[in-house]
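Coordinates in review
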Amino acid sequence: MAMTKEFRAYVEDRLAAVVEIRSRAMFGGLGVFHNDMIFAVADDGVVYLKVDDSNRADFEAVGKEAFVPFDGAKPMGYYEIPDGLLENPEELKVWVDKAIHVAETAALKKPKKR
């Protein structure tokens, strides 16, 4: 993953405008969290939101594909956001809320730590 300071600041600003976030550098890219659950990643100038069967069709309907962190890797459970979405806070909120729901659902399925 690769991330410029400017793109990181832009992504954080856009996402923080619609939901409380925290972020951290991850493998050269960016992980974005809400309530300690990761719901977005950014890499090489692209933002991806968490998906499962409940929202994957939304991304595929606009021609977006899964995040693949490097050549030969399996696709991850994140899809590229639609073009222009970061500039439309009302629509972004809808997509982000769905991604957060996916993250919450995934967290509920994980076994509890002892």
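For the structure itself, consult the block above.
A quick note: this is a predicted structure, and the numbers were derived from the prediction, not measured.

**Section: the pattern of salt bridges**
Within this structure, the stated rule accounts for eight salt bridges. Of the charged contacts, one joins Arg22 and Asp36 as a salt bridge, the two residues approaching to 3.3 Å between their closest N and O atoms. Separated by 14 residues along the polypeptide, Arg22 in strand β1 (residues 22-26) and Asp36 in the loop between β2 (29-34) and β3 (37-43) bring together distant segments of the chain. Residue classification places Arg22 among the partly exposed positions, given a relative accessible area of 36%. Accessibility expressed as a relative area gives 61% for Asp36, which makes it exposed. When the shortest N-O distance is used, the salt bridge between Asp83 and Lys64 registers 2.9 Å. A residue pair is termed long-range when its members are at least 10 positions apart, and Asp83 in the loop between β5 (78-80) and α3 (89-109) and Lys64 in the loop between α2 (56-61) and β5 qualify at 19 residues. A cluster of three or more residues bridged by salt bridges with shared partners is formed by Lys64, Glu80 and Asp83.

**Description of the environment of Glu12**
When you line up the elements, Glu12 lands in helix α1 (residues 5-16). Using a relative accessible area of 22% as the deciding quantity, one classes Glu12 as partly exposed. Considering only alpha carbons, one finds Glu12 and Leu92, 80 residues apart in sequence, at a separation of 13 Å. If near-sequence neighbours (up to four positions away) are discounted, Glu12 is found in contact with Ile21, Ser23 and Leu30.

Conventions we followed
In this convention, every chain numbers its residues from 1, walking through the sequence in written order. At least 70 in pLDDT is required for a residue's local features to be given in this predicted model, at least 80 for side-chain atom pairs to be given and counted, and no such filter applies to totals for whole chains, interfaces and linings, which use all residues. With hydrogens and water excluded, all non-hydrogen atoms of the structure serve as input to the side-chain values. Whenever Lys or Arg places a side-chain nitrogen within 4 Å of a carboxyl oxygen from Asp or Glu, that contact is recorded as a salt bridge. Here a helix means four or more residues in a row that DSSP labels H or I, a strand means two or more in a row labelled E, and each is numbered from the N terminus. Think of it in three bands: with a 1.4 Å probe and only protein chains considered, a residue is buried below 20% of the maximum accessible area for its type, exposed above 50%, and partly exposed in between. Every residue pair with non-hydrogen atoms within 4.5 Å of one another is taken to be in contact.

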